[in-house]
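In case you want the letters, here they are:
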Amino acid sequence: MKPVETTATPLVELRHVSKVYGAGESEVRALDGTELVIEHGEFVAIVGASGSGKSTCLNVLGCLDAPTSGNYLFQGVDVHSLTRDQRALLRRHYFGFVFQGFNLLARTSAIENVELPLVYRHVGLSERRLLALQALEEVGLGARAHHTPAELSGGQQQRVAIARAIVTNPLLLLADEPTGNLDSARKRDTMQLLIDLNRRRGITIVVVTHEADIADYARRIVRFHDGVIESDTLTGQGEQTGEGAA
Amino acid sequence: MIGATIILAFREIRRNPMRSILTTLGIMIGVASVIAMVTLGRSVTARITADIASMGTNLLIVAPGAERHGPVSSTASAFTMNDVVAIERESGAVDKVAPTASSSALVVCGNSNWNTTIQGSTNEFFEVRGYKFAQGEGFTETQLQAGLPVCVIGETVRRELFGQQDPVGSTVRIGTITFTVTGLTASKGKAAMGPDQDDLVVIPVVTFQRRIAGNTDINSILVSALTSAKTALAKGQVEALMRERRHIAAGQVDDFSVEDMKEMGTMLTNVTTVLTALLGAIAGVSLIVGGIGIMNIMLVSVTERTREIGIRLSIGAREREVLLQFLVEAVTLSVFGGMIGILLGIALSFGGAIAFGMPFGLKPDIVVIAILFSGAVGVGFGYVPARKASRLNPIDALRHE
Ligand SMILES: Nc1ncnc2c1ncn2[C@@H]1O[C@H](COP(=O)(O)OP(=O)(O)OP(=O)(O)O)[C@@H](O)[C@H]1O
Ligand SMILES: [Mg+2]
């Protein structure tokens, strides 16, 4: 495959990971023997046609789904060998996830949605409020903090989902089409936000996108086709900050 | 962790007011109906038992005519005072014996009149039937022997004829005869069933026979056993004696009956126990209906809740944290609904007891049962789907439809 220079253990490593849905005639190999290594501080864009396995790959990376076969190593530890609770703690302390379908709690204000990961991290109420508000301001939604998802537009909901993923300052941010519902100006702002998070805070980012120009922001582009990684290329942008593993 | 989880649970309750209210309502109605029905059933039982006790303890009623053959047979001859004396003298297990000869008649006092039962009897009547005197007293030996026109009246008669006035020493008229009131019996209270025991006028039996009936018949004999345990013995003795006195050969059917009030009480208590069980069953059904209501609400919301669980799991909640939240939520709603239900149930049964003039007695066992059931329903239907959902992969919980 295509690893960046490796000194320590990579952040994540997929070893021959397959995800098969159904059986027999209706069998779908959403992931088929995927090999992928991502180092600390990388900014990876996953692209590919609809149904090519991008979301499936991201779900496996986020410990939201278990692969049918193969191994997923997070910081050298095989996730499969962990208990359910340990995987939950992994999600709690290391991952931020932006879903393709937002997945916000209904009837719950934007700020309470953003606070939720902090609640499970046992952050005190006042600090929680402050951090959540900051995250909302970063995505340009400070003024909508007390609106529920039903009172927000698709793009605004998407930004709440992003705020919820970044509020914990995760080690690895996994975003599934985080700009799918945004206008071009917002898209640029959001990508700029992700780049800032990557460069300034050293957060490793894996973002799924359909849009070629968004992929241009990334230093590395992984292209999926029918569950198989078709290509894995470094772009010029990647050269500027190198490894970046803080 | 527990504090934060409880806060999350309370937020969730507040966030879905409709779901919370419906759940609470289901439990509330179930619990209230169980408590109200069972408590009312028990009140009825207690009341009937008390009524039977108030009719006189250890009481046997000797009446002419065969037992359990419809109305008193006209061929069976009435008793006489000799029978009364014989029972008194010869039946060892018997304490007091009171003859009664009765008819109904119009009692007049000034402008008021009242139709009531006139009982011709002796002072033993008051003892056997458990009447106490509120004012005045029973008859003197002279009044009884000479058949003087004196009477003791019951509370209902006093109310109808005298209003607030003191009746003792006043006179009332029955037919053409003027009677002097010597006493007033204390009220036995309104009976849940059977005749009003305060609606009577008692006069000496001799007076009744001579002045009202014009014969020497005794319609029935009231007998009290020495102790409650000796009622069966007393009954046997009285039966044997009466068979002898009425010349009934062995193998022939009695032309009189000896009725044991205790037996009747046991029978009535059995009836009311069945009644209580029936009411309890109805209440149980309503509890189940309430439970099914809760189950419906919970199942309808399970899709949304499963997604919610998926979201919580995906941002790092552990299975047990999610479960604790749902448990707290279910327990809070059940306990809240249960509490209101208990209060409502107590209020209903208290109101019912007052309305029907019955004693109000709340037993803790039914409250405990109601609480346990409502808790089980709430927790069962709120918690079990949540437990299922929290064991899924986060992504499967999120995709749940
Ligand atoms: N739960 C599932 N059951 C059955 N098949 C599934 C399931 N989830 C995904 N698939 C199949 O797996 C394949 C990959 O799906 P995936 O969601 O990863 O695609 P994607 O690349 O994210 O597409 P898109 O760009 O449209 O989001 C698809 O063919 C899809 O039909
Ligand atoms: Mg997708």
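Values in this document were obtained by computation on a predicted structure and should not be read as measured data.

Chemist: Got a minute to help me understand the domain arrangement of chain B in this structure?
Modeler: One widely used convention gives an interface's size as the accessible area the parts lose upon coming together. When cut into domains, chain B gives domain 1 (2-51 + 266-399) and domain 2 (78-245). Spacing between the C-alpha centres of domain 1 of chain B and domain 2 of chain B amounts to 55 Å.

Chemist: How should the site of ligand 1 be read in this particular structure?
Modeler: Neighbouring ligand 1 are 15 residues, the closest being A:Ser50, A:Lys54, A:Ser55, A:Thr56 and A:Gln100. Neighbouring residues of ligand 1 are not confined to a single chain but are spread across chains A and B. A:Thr56 is positioned with one of its side-chain polar atoms (N or O) 2.5 Å from an oxygen atom of ligand 1. In this structure, an oxygen atom belonging to ligand 1 sits 3.0 Å away from a side-chain N or O atom of A:His210. Surface burial for ligand 1 is 67%, taken as the share of its 630 Å² of free accessible area covered by protein chains.

Chemist: Explain unusual backbone geometry here, please?
Modeler: Excluding glycine, residues mostly have negative phi values, and the peptide bonds linking residues are mostly trans. Phi angles above zero are rare outside glycine, and A:His16 is one such case at about 50°. As for its placement among the helices and strands, A:His16 is situated in strand E1 (residues 12-21).

Chemist: Please explain the side chain of B:Gln209 as it appears in this structure.
Modeler: All names here are of chain B. Mapped onto the elements of the fold, Gln 209 is located in helix H7 (residues 205-213). A relative accessible area of 10% means that Gln 209 is categorised as buried. Contact partners of Gln 209, with chain neighbours within four places excluded, come to Gly 214, Asn 215, Thr 216, Asp 217 and Ile 218.

Chemist: Would you mind going over the nonpolar core with me for this structure?
Modeler: Side chains of a nonpolar character, in soluble globular proteins, are inclined to be buried together. Residue and element names in this part refer to chain A. Leu 61, Tyr 72, Phe 74 and Val 206 are the most contacted members of the largest nonpolar core, which totals 47 residues. In terms of residue count, the dominant contributor to this core is helix H1 (residues 54-61) (four residues). Leaving out residues up to four positions away in the same chain, Phe 74 has contacts with Leu 11, Val 12, Val 79, Leu 90, Tyr 94, Phe 95, Leu 171 and Leu 172. Ala 45, Val 139, Ala 145 and Leu 197 belong to the second largest nonpolar core, which has 37 residues in total.

Chemist: I would appreciate a short explanation of the sheet that holds strand E3 (residues 43-48) of chain A in the present structure.
Modeler: Strand pairing in a sheet relies on backbone hydrogen bonds. The paired strands run either parallel or antiparallel. All names here are of chain A. Strand order across the open sheet formed by six strands is E6-E7-E8-E3-E9-E10, with mixed pairing between neighbours. The sheet is open, and its two edges are formed by strand E6 (95-98) and strand E10 (228-234), each paired on a single side. Taking the axes of each pair of neighbouring strands and ignoring which way they run, one obtains an average angle of 15° across the sheet. Across four bridges, the pairing between E3 and strand E8 (residues 204-208) is parallel. If you follow Phe 43 over to E8, its bridge partner there is Ile 205. Sheet strands touched by helix H2 (residues 84-94): E6 and strand E7 (172-176). Its angle to E6, the strand with the most contacts, is close to 80°.

Chemist: What am I meant to see in helix H12 (residues 364-390) of chain B here?
Modeler: Residues and elements named next belong to chain B. The end-to-end C-alpha distance of H12 is 37 Å, a good match for the 39 Å that 27 residues give at a rise of 1.5 Å each. Largest kink in H12: about 30°, centred on Gly 380. Considered for burial, the residues of H12 that qualify are Ile 366, Val 367, Ala 370, Ser 374, Val 377, Gly 378, Gly 382, Pro 385, Ala 386, Ala 389 and Ser 390.

Chemist: Even after reading the chapter, I still don't get the coordination of the magnesium ion (ligand 2), so can you show me in this structure?
Modeler: When a metal carries six donors in an octahedron, the ideal angles between them are 90 or 180 degrees, while four donors in a tetrahedron ideally lie at 109.5 degrees. Residue and element names in this part refer to chain A. For the magnesium ion (ligand 2), the protein coordination sphere consists of Ser 55 (OG) and Gln 100 (OE1), at 1.8 to 2.3 Å. Pair noted here: Ser 55 is in helix H1 and Gln 100 is in the loop between E6 and helix H3 (110-120), with a separation of 45 residues, a long-range link. Judged by its relative accessible area of 41%, Gln 100 falls in the partly exposed class.

Calculation criteria
Residues numbered from 1 in each chain as written. Chains lettered and ligands numbered in written order. Predicted model: local features only at pLDDT ≥ 70, side-chain atom pairs only at ≥ 80, totals over all residues. Heavy atoms only, no water. Domains from an automatic or database assignment. Near = heavy atom within 4 Å. Polar contact = N/O pair within 3.5 Å; in protein donor to acceptor, adjacent residues only side chain to side chain. Areas by Shrake-Rupley, 256 points an atom, 1.4 Å probe, with all protein chains shown as cover. Helix = DSSP H or I, 4+ residues; strand = E, 2+ residues; numbered from the N terminus. Buried < 20%, exposed > 50% of the residue type's maximum accessible area, 1.4 Å probe, protein only. Contact = heavy atoms within 4.5 Å. Core = buried A, V, L, I, M, F, W, Y, C linked by side-chain atoms within 4.5 Å. Pairing = 2+ DSSP bridges. Axes fitted to C-alpha atoms, helices over the stretch in contact; angles between N-to-C directions. Expected span 1.5 Å × (residues − 1). Bend = angle between axes of the 7 residues up to and from the residue. Donors = N, O, S within 2.8 Å, 3.2 Å for Na, K, Ca; no water.

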